[in-house]
Each structure stands twice: as C-alpha cells, then as structure tokens.
Amino acid sequence: MQTKNRAAELDARGIGKTYGDFHALDDVSLTIGRGEFLTLLGPSGSGKTTFLMILAGFVNATSGSLTKDGTDITHLPAEKRAFGMVFQGYALFPHMSVEKNIAFPLQVQGRNAQDIKKKVDNIVDRVGLREHATKRPADLSGGQQQRVALARALVFEPSVLLLDEPFSALDKNLRGSMQEEVRRLHQETGTTFVFVTHDQSEALALSTRVAIFNKGKLQQVDTPKAVYEHPANRFVAEFLGDINIFDLKDTKLSGALAECRFEDRVIRASNAAGSPTNHFAIRPEHMVLSSAEPADRNALAADIEDVTYLGAATRFALKTPGGKGLTLEMPTRETGPDFARGKRVWASWAPDQGFFL
Ligand SMILES: Nc1ncnc2c1ncn2[C@@H]1O[C@H](COP(=O)(O)OP(=O)(O)OP(=O)(O)O)[C@@H](O)[C@H]1O
Ligand SMILES: [Mg+2]
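Residues numbered from 1 in each chain as written. Chains lettered and ligands numbered in written order. Predicted model: local features only at pLDDT ≥ 70, side-chain atom pairs only at ≥ 80, totals over all residues. Heavy atoms only, no water.

(A) Representation of the site of ligand 1. Within the structure, ligand 1 sits among 13 residues, and Ser44, Gly45, Lys48, Thr49 and Thr50 are positioned closest to it. In this structure, Gly45 approaches ligand 1 through a main-chain N or O atom, which is 2.8 Å from an oxygen atom. At 2.8 Å from an oxygen atom of ligand 1 is found a side-chain nitrogen or oxygen belonging to Lys48. Burial of ligand 1 by the surrounding chains reaches 59%, relative to a free accessible area of 640 Å². Elements that contribute at least two residues to the shell around ligand 1 include exactly strand 2 (22-32) and helix 1 (48-56). The greatest single-element share of the shell around ligand 1, amounting to three residues, is contributed by helix 1. Taken together, the residues of the shell around ligand 1 sort by class into four nonpolar, seven polar and two charged. (Near = heavy atom within 4 Å. Polar contact = N/O pair within 3.5 Å; in protein donor to acceptor, adjacent residues only side chain to side chain. Areas by Shrake-Rupley, 256 points an atom, 1.4 Å probe, with all protein chains shown as cover. Helix = DSSP H or I, 4+ residues; strand = E, 2+ residues; numbered from the N terminus. Nonpolar A, V, L, I, M, F, W, Y, C, P; charged D, E, K, R; others polar.)

See the structure below:
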C-alpha cells in the first residue's frame, strides 16, 4: 500500500457552476490538505456532488480554478487526474468476480500480472473479502459490494479518494461498520479523502474537517468539534442537530459576562459564547433538568410536555411559561420519576455553555 507522502493537496479557488441562470455552486474556495479526511456536508441540492464532480474532472466549473499540489488541473480531463472514486451505486461489473473487479483499474493501467496479483491480494485482505474473492457481485451483500467498490478505488493507490454518499443504501448497523472501515483505510493509506454525505453524525464521526454547504455556498469549514460547538451562522447551527435558539432582550456586558433577558429571567454567558448578540443558542444535551431552582446557573422554569426514551439518552420537550418550546436531552440514568410529563421543572446550563449567533 502507498506511503503517506503520495497523498495530494487540492486547492479550489472561487469555484462557480451555473446551469442557465441557476447557481449550483457560488464562489467556493476550499483547500483540502494532504492526507485529510474532508467531508462535504449539506442538504439535498446544496451542491456537494457538483463540487465533487468538479474535483474529479467530470464536470467543468463555470468559474474558478483548481490546483493539485500547486499545479493547475482546472482543465485536466478526469482520466489524467486518476483519483479514486466510490459512488452510491457501486457500479461493479456484474460478470466479473470480486478479484477481477478489483484488478480492473490496474489492467487498464497496463501493470504486469504479478504486480496486479500482489496488489489485489493485499487489498482483498484489507477490506475483509478473502472468502468472497471468487464470487460475483450479485452473490454479495450490499456491504460486501461496497467493500469491493472501496477496494477497486484504492487498489491503484490514488493520491485522492472521492466518495459520494457511499453508504446511503446500507442499513444503520452496516453503515456503522463501513464507517469504521473507511476510517481505518484512511489512516492506513494516508490518502486524501473527500467524502460526501448529508448525514450530520456520519460527517462529525469520520472527518478531520467538515465543509458545510447550503444553496451552492460554502457556509463553514472547520473541525467537527468547532462546527458543532461554534457554528458560523444559524444555518450551520440548525443543520448540525437539534438546537434551542432564544431571542434575547437587553444584551449588555457586565464585567466578564454578557447579561441579557429572556422572558422574565436574566441569562449570563461567558466569553466562551462568542460576541454577544440578541440570539443565543444551546444544544439539548448542554442543559440539565432539576426539580429545584439551581444556584449559579442559567435556569428557566418549564413544564414537561413530552418524554421520549432513546435508550442511553432521554429527550424532553418542555415549554416555558412564556410559551417557548425547548428540547433537552439527558443521560437516561440521570432521569427519574420527577421528570415525567406534566411536571414543572428547571432547565439549566452553565454560563460557559451555548453561544451567541
Ligand atoms: N446537469 C444539471 N443540470 C441542471 N441542474 C443541475 C445539474 N446537475 C445538478 N444540478 C442542480 O444543481 C444543484 C446541486 O446539485 P448536486 O447534485 O450537487 O446536489 P447535492 O448536494 O449533491 O444533493 P443530494 O444530497 O441530493 O445528492 C441541484 O439543485 C441540482 O438540481
Ligand atoms: Mg449528491
């Protein structure tokens, strides 16, 4: 398998793509580092596949430029880029065995038979297909077929691997094990991975950085922790999972804390929450429930409207006296009979939790 220094760096500058007067991509600039696992995340139609196809060379950008390791490849045809690709539909050759499917790209490159055998054997073991090597794709499960597609994309040791929603057809458990597999293959090969998904948790779990798209525009690119805990805007905050957003009044600084009002309560936020604005956001799992009003925390009285058992966690739908709906999630082991539907409780959080939008 390849050495880590074969991984490429890609640099997209001001990429735009229009279809008629529709902007599928608008001024996207993004550097994808050598050996990075970068995920393109966004809702359906946000431009993820279009951007990946421009990286691959299958779609021409209307504007902007693309370099690989500093060399301009904006107009280089796809076959000369020689990036590995894995798509949602595996596109395996139905009449060929697993081994022959995987060997195919090497044969196209005209490698000698011994070299091909060695490389195919190596990758077949790596993706756990040894006992299925002589089967045809139709005799494999969906997950096994996806492994063949991964192996075929990695066998020629590409400097970049592009993956477009490769697991969207798989069930949840299989998806989880394929995610681990891809992560392991990324670590072992050191190749630059660009991965497309519209699944937030998949993006957060796999990536070194996440690039979030909406309506053809890049919204934010940063580590999973940073985009989740410090979203650049309301779209990113809401797209990355449930969030409570409060419209505040009278926001002002009071010493090291920002102080503001929500309904009849004073809310304090440390500078970890960012520059004060009139919109404050907090994730459901960053608040806790209590029966008594807690000291030294931001706390809102609320009535429990609904309780959903999720296994390890329990989710509460709450309503404040002013009519604001809240979502709160707590480890199930910390809940109890005091937190049942209809009870009056306190939802609270520390001043260094949450952030201004
Ligand atoms: N060949 C085309 N002609 C016209 N419009 C196109 C073409 N290809 C893509 N589009 C439009 O560009 C936008 C972005 O499409 P794209 O396939 O990149 O979205 P996506 O983020 O990959 O979505 P999904 O999650 O559904 O796969 C969409 O509105 C799509 O309809
Ligand atoms: Mg797509």
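(B) Up close: the layout of surface pockets. Its volume calculated, the largest pocket comes out at about 600 Å³. Here the residues of the lining of the largest pocket are counted per class, giving 17 nonpolar, two polar and two charged. (1 Å grid on protein atoms, 1.4 Å probe; cavity = no way out; pocket = protein on both sides within 12 Å on 5 of 7 lines; lining within 4 Å. Points joined across faces, edges and corners; volume = space filled by probe spheres on them.)

(C) Quick look at the packing of aromatic side chains. In this structure the tally under the stated criterion is 11 aromatic pairs. Centre to centre, the rings of Phe37 and Phe193 are 5.4 Å apart; their planes meet at 40°, and the pair counts as tilted. In this pair, Phe37 is assigned in strand 3 (residues 37-41) and Phe193 in strand 8 (residues 192-197), connecting sequence segments 156 residues apart. Considered together, Phe37 and Phe193 belong to a single accessibility category, that of buried residues. Looking at Arg283, its charged tip hangs above the ring of Tyr228, at a distance of 4.1 Å from the centre. (Phe/Tyr/Trp six-rings, centres within 6.5 Å; stacked < 30°, edge-to-face > 60°. Buried < 20%, exposed > 50% of the residue type's maximum accessible area, 1.4 Å probe, protein only. Lys NZ or Arg CZ within 6 Å of the ring centre and 35° of its normal.)

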